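Listed here are the chains, written in short residue letters.
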Amino acid sequence: MNEAKPFCISKKEVWEAYQRVKVNQGGAGIDEQTIEDFEKRLKKNLYKIWNRMSSGSYFPPPVRTVKIPKKSGGERKLGIPTVADRIAQQVVKARLEPEVEPLFHADSYGYRPGKSALDAVGQARERCWRYDWVIDLDIKGFFDNLDQNLLLRAVKKHASEGWIVLYIERWLKAPMQEEDGRLVPRERGTPQGGVASPLLANLFLHYALDRWLAAHYPQVPFERYADDVLVHCSTEREAQEMRKAIAERLQSCGLELHPEKTKVVYCKDDFRKKSYPNEKFDFLGYTFQPRRSKNRKGKFFINFSPAVSNTAAKAIRDTFRSWKLPQRSDKAIEDLSRMFNPVIRGWLQYYGRFYRSALYPTMRELDRDLVLWAKRKYKKLRHHLRRAAHWIARISRRAPQLFAHWQMGTRRGSMMGPV
């Protein structure tokens, strides 16, 4: 071992970490350095990270705090590390992840290779058909309140080298810089926005919840995506008892269930007909509730299943408004397609996986914007709303590849409804 470089970290690892960070992009940290700025002296900057990490002299700078609105109201604090710090975190994550990933529970889906949020939604859907009750868990301020000492115990148990523990501890202790410039020391939590934070969150909840549930309540299945958790039960009594037991378990690990947002839900359908105060819940952008469905014989029945949530649909409509399509009359329809179709396709791939027809009303709003664009674009349509609507409908049938939601509509005719 080189005495000047006591930690065996290769330059190749730092290079690969930089490439991963570049792909993921992200904002500037407290030094206001973007990835483009970092790349102006790329070789020198990467060498500096490698030199400091391998010698043990790497100390993370404070993390820039950014407040973003929460879907449920209020604000969430994101911690934005510098570009150099994200690369350093990626080096550590790449070493630690192979050690802990094989230990994680099959029903932990968040930020894991080969698993996705849609996998979690699909599994929850099947279990809601088999189990009458769900506990929709809300862990109060999980990323802010996570017990650092318990987390470091778990890291020490699995980290193959001491420098992994050293740097994770330094990241956990690095202060937050508020928007007014104040430095706030941190004794709890891990910044939401750090490269290593999702892996550390999974490691913490692996011991705090997943393993504990599997050991003590193997008959109770669950899905967890980071700190979003559903637990399935056969009876209301079992659900209420499980809610109490989970609250006590998390409390022993320094966490608290949100008393109002954590709820027991009845999965009502054609065969489960009794009434209950909670008959729906939101999970990963989907609302699970009783819905009218059609079976293979064409007969309608009530099915407890997920579809795009009102919150997610509103966020999509807000994005439509931000595009200001009607005012872009300088653009051809092919230009609009190039600019916006990749985003539309992404929404359909995610929110259209289950109960796709729930997306139709939202996508019709996009068509209405396109009709208003056509009215401003072409003189012959300027004072003829209906004619503009027919023109867009014709384009949607002739060139459905222009916008992904037009392809969604082709199976049952045009998406165009009344304008």
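Here is what the cut-offs are and how they apply
- Residues numbered from 1 in each chain as written.
- Predicted model: local features only at pLDDT ≥ 70, side-chain atom pairs only at ≥ 80, totals over all residues.
- Heavy atoms only, no water.
- Core = buried A, V, L, I, M, F, W, Y, C linked by side-chain atoms within 4.5 Å.
- Buried < 20%, exposed > 50% of the residue type's maximum accessible area, 1.4 Å probe, protein only.
- Contact = heavy atoms within 4.5 Å.
- Axes fitted to C-alpha atoms, helices over the stretch in contact; angles between N-to-C directions.
- Helix = DSSP H or I, 4+ residues; strand = E, 2+ residues; numbered from the N terminus.
- Parallel < 35°, antiparallel > 145°, perpendicular 65-115°, else oblique.
- Left-handed = near helix turned anticlockwise from the far one by under 90°.
- Nonpolar A, V, L, I, M, F, W, Y, C, P; charged D, E, K, R; others polar.
- Pairing = 2+ DSSP bridges.
- Expected span 1.5 Å × (residues − 1).
- Salt bridge = Lys/Arg side-chain N within 4 Å of Asp/Glu carboxyl O.

Engineer: Any details on the nonpolar core? Residues and values, ideally.
Structural biologist: One finds M53, I87, F142, I168, F204, V231 and I246 to be the most contacted residues of the largest nonpolar core, which totals 67 residues. With residues near it in sequence (within four places) discarded, M53 still touches F7, I9, Y58, A88, V91, V92, W163 and Y167. Core analysis: the next-biggest nonpolar cluster, separate from the first, contains 54 residues, A124, V308, Y351 and L366 among them.

Engineer: Before we move on, could you go through the packing of helix α1 (residues 11-24) against helix α3 (residues 42-55) and cite the residues and values that matter?
Structural biologist: Working note: a packed helix pair is described by the angle between its axes plus the distance between those axes. Packing of α1 against α3 brings their axes to within 10 Å, and their N-to-C directions diverge by 120 degrees. Relative to α3, α1 is oriented oblique. Once α1 is placed against α3, the crossing between them reads as right-handed. Contacts between α1 and α3 involve K11, V14, W15 and Y18 from the first element and L42, L46, Y47, I49 and W50 from the second. The residue inventory of the contact of α1 with α3, partitioned by class, reads eight nonpolar, no polar and one charged.

Engineer: Give me the sheet that holds strand β11 (residues 300-308): which residues, what numbers.
Structural biologist: Read across the sheet, three strands follow the order β9-β10-β11 without closing on themselves; strand pairing throughout is antiparallel. Edge positions in the open sheet fall to β9 (281-283) and β11, since each of these has one partner strand only. Taken over all neighbouring pairs, the strand axes of this sheet differ in orientation by 50 degrees on average, direction set aside. Of the strand pairs in this sheet, β9 and strand β10 (residues 286-294) are connected by three bridges, and their pairing is antiparallel. For D282, the partnering residue across the bridge sits in β10 and is T287. Together, β9, β10 and β11 form the strand contacts of helix α5 (residues 117-130), whose direction differs from that of β10 by roughly 60 degrees.

Engineer: Can you break down helix α13 (residues 360-377) residue by residue, with the values?
Structural biologist: With 18 residues, α13 should reach 26 Å at 1.5 Å per residue; the first-to-last C-alpha distance of 25 Å fits that figure. Within α13 the residues assigned to the buried category are Y360, T362, M363, L366, D367, D369, L370, V371, W373 and A374.

Engineer: Summarise the pattern of salt bridges; cite the residues concerned and give the values.
Structural biologist: On inspection of all chains with the given rule, the structure shows 21 salt bridges. Where K40 meets D37, a salt bridge forms, and the shortest distance between an N and an O atom there is 3.3 Å. With K40 and D37 both in helix α2 (residues 35-40) and three residues apart, this pair spans about one turn of that helix. Relative accessible area serves as the criterion here: at 67%, K40 is assigned to the exposed category. Here D132 makes a salt bridge to R272, at a shortest N to O gap of 3.0 Å. Of this pair, D132 sits in the loop between α5 and β3 (133-138) while R272 sits in the loop between β8 (263-266) and β9, placing them 140 residues apart in sequence. For R272, a relative accessible area of 7% translates into the label buried.

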